[in-house]
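# Working through the structure, step by step
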Amino acid sequence: MQIAFLVRSHAMFNPQRVIAAKRDGYTLASKDITALVNGFVRGDVPPYQMSAFLMAAFLRGLSNSETASLTECMLHSGKVLDLSDLPGTKVDKHSTGGVGDSVSLILAPTVAACGVPVPMISGRGLGHTGGTIDKLHSIPGLRTNLSTSEYRRQLEAIGVVIGSATKEIAPADRELYALRDVTSTVASIPLIAASIMSKKLAAGLDALVLDVKVGAGAFMSTVPEARRLAETLARIGERFGKPTVAWITRMDVPLGHCVGNRLEIDESVQCLKGDGPQDLMKITLTLSGEMICLGGLAATPDEGIEMAREAIRSGKALATFTRMVQAQGGSLDFLEPSVLCPAATVRAPRGVYGFIADIDAYAIARTSVNMGVGRISKEDDVDPEAGIVLRKKPGEEIAPGDALADLYTTRTNRLTEFSAAVSTAFQFSDKPPIERSRLVDRLEANEWAIG
């Protein structure tokens, strides 16, 4: 049911009526959502009223039209980059957050090396999941707080840029997220979708590939939840004229072997040299193929995958990443593996023979955050060298005393706690586990096709 209020002037707008309408299950008109959000950003709508609206939206949900309206007013609350004068179809990729998820670091330069411009605005770690910006900041000197002119110049010169969201990009989202964080209204699919898409659309992209994670280490724990989020995100993208493809990928076990900012940079370099873990490269190449296809340089995603493989084989992908790091002020020392000594090694206990059956991605992620990889509160500093290297993955054989994981942390007074948490994240079996593909499902043009 649609309820629309006549807003003849700013002075006549009544936030209380909008909140009450949403509380009672009505569908709000676009102008009322816009007036509410704009009023909040200006300071005319107080935080307690916006908090009440967010809780009403969390409990009652938002329709497709309401979600699109919320996205649009958040998008236009700040600067929207126009990259239309730059050549090529600009394609970005977004992940909903995972553990050991360094895909963007490998994918962005690989796709750019194939000729598709990649304008990417990324974030810091969120909750237990890692952030691309934190990983890049582990490279000494590297800047991600680029001005609009720097962002444009680098994209034109190199074909790839990875920057932080500035205060000019979707400021309404930043203000609303701060409220959602303290009012327990984060886990709402419409609110998540509006937050993600307002920032992505502001970055000047022409098309988008989504990696929606599902499982123990993801924000979406079930496939139906992940499908709903993917559909909502893709629907917004298409509504704004941005062709969008979404993949659901499994995040029950960490991707690759490394969880930690500098550690994941090291692993990304190995991937760009053609020597990366199979599970990490499978997802990276799949998403790269989609981007190259959306960029118009491949007839099919499979053809795009082959182009991405060749960019890595030829060294062009690594060269593009190196140019990006240099352009953003980073030291080229990142090309050499960091010389770090583990603070502890977790080993298989007595009596354990057989195979690694599973590794709990969430347990690994929470432990890595406590070790310094991420933030427990937003004011916390991140230790760029902290992290966990998994020495065994599911399906590999195991015997007592075998190394399961190396721990890197300066918080050595808590090593016993960290080691115990990592040890309990591993599960063992006398038989090899059934291998499950990381690729769960694919969405394009509102149709799902099993991957």
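Look above for the structure.
Structural notes, computed from the coordinates. Everything numeric in this text was worked out from a predicted model, so none of it was measured.

This brings us to the overall build of the protein. Broken down by element type, the protein carries 16 helices and 16 strands. Overall, the C-alpha framework of the protein stretches about 75 × 45 × 40 Å when taken along its three principal axes. By residue count, 54% of the 451 residues in the protein fall in the buried class. A separation threshold of at least 6 residues defines the contact pool for the protein, and within that pool the share at least 24 residues apart is 78%. Total accessible area on the protein is roughly 18900 Å²; 50% of this is exposed by carbon and sulfur atoms.

Quick look at the side chain of glutamate 290 now. Assignment of secondary structure puts glutamate 290 in helix α12 (residues 278–294). Residue classification places glutamate 290 among the buried residues on the basis of a relative accessible area of 3%. In this structure glutamate 290 touches Val209, Val245, Trp247, Pro301 and Arg442, once residues within four positions along its chain are discounted.

Moving on, we come to the pairing of strand β7 (residues 244–250). Among the 7 residues of β7, 7 are classified as buried, and the element is accordingly described as predominantly covered. The two faces of β7 match: Thr244, Ala246, Ile248 and Arg250 on one face and Val245, Trp247 and Thr249 on the other face are all buried. Crossover handedness for the path strand β6 (residues 207–214) to helix α10 (residues 223–239) to β7: right-handed. Here β7 runs beside strand β15 (residues 439–444); their pairing, made up of 5 bridges, is antiparallel. Looking across to β15, one finds that alanine 246 is bridged to leucine 443.

A few words on the sheet that holds strand β9 (residues 344–347). In spatial order, the strands read β8-β11-β13-β9; together these 4 strands make up an open sheet with antiparallel pairing. The sheet terminates laterally at β8 (258–259) and β9, the two strands that pair on one side only. In the sheet, strand β11 (residues 387–390) pairs with strand β13 (residues 403–408) via 4 bridges, with the strands oriented antiparallel. Along β13, the bridge assignment pairs glycine 387 with tyrosine 408. Across the sheet, helix α16 (residues 415–425) touches β9, β11 and β13, and the angle it forms with β9 is around 35 degrees.

Turning next to the pattern of salt bridges. All told, the structure shown has 23 salt bridges when counted by the stated rule. Linking lysine 213 and aspartate 101 is a salt bridge whose minimum nitrogen-to-oxygen distance equals 3.9 Å. In this pair, lysine 213 sits in strand β6 while aspartate 101 sits in the loop between β3 (91–95) and α5 (103–113), placing the two residues 112 residues apart along the sequence. By the burial criterion, lysine 213 is buried, and aspartate 101 matches it. Lysine 135 is the salt-bridge partner of glutamate 264, the closest N and O atoms lying 2.9 Å from each other. Taken as a pair, glutamate 264 in helix α11 (residues 261–272) and lysine 135 in helix α6 (residues 132–136) lie far apart in primary sequence, 129 residues in all. According to the relative accessible area criterion, lysine 135 is buried, its value standing at 1%. Each of Asp101, Asp211 and Lys213 takes part in salt bridges that share partners, so that together they form one network.

Cut-offs used in this document
- Residues numbered from 1 in each chain as written.
- Predicted model: local features only at pLDDT ≥ 70, side-chain atom pairs only at ≥ 80, totals over all residues.
- Heavy atoms only, no water.
- Helix = DSSP H or I, 4+ residues; strand = E, 2+ residues; numbered from the N terminus.
- Buried < 20%, exposed > 50% of the residue type's maximum accessible area, 1.4 Å probe, protein only.
- Contact = heavy atoms within 4.5 Å.
- Areas by Shrake-Rupley, 256 points an atom, 1.4 Å probe, with all protein chains shown as cover.
- Right-handed = clockwise from strand over helix to strand, strands pointing away.
- Pairing = 2+ DSSP bridges.
- Axes fitted to C-alpha atoms, helices over the stretch in contact; angles between N-to-C directions.
- Salt bridge = Lys/Arg side-chain N within 4 Å of Asp/Glu carboxyl O.

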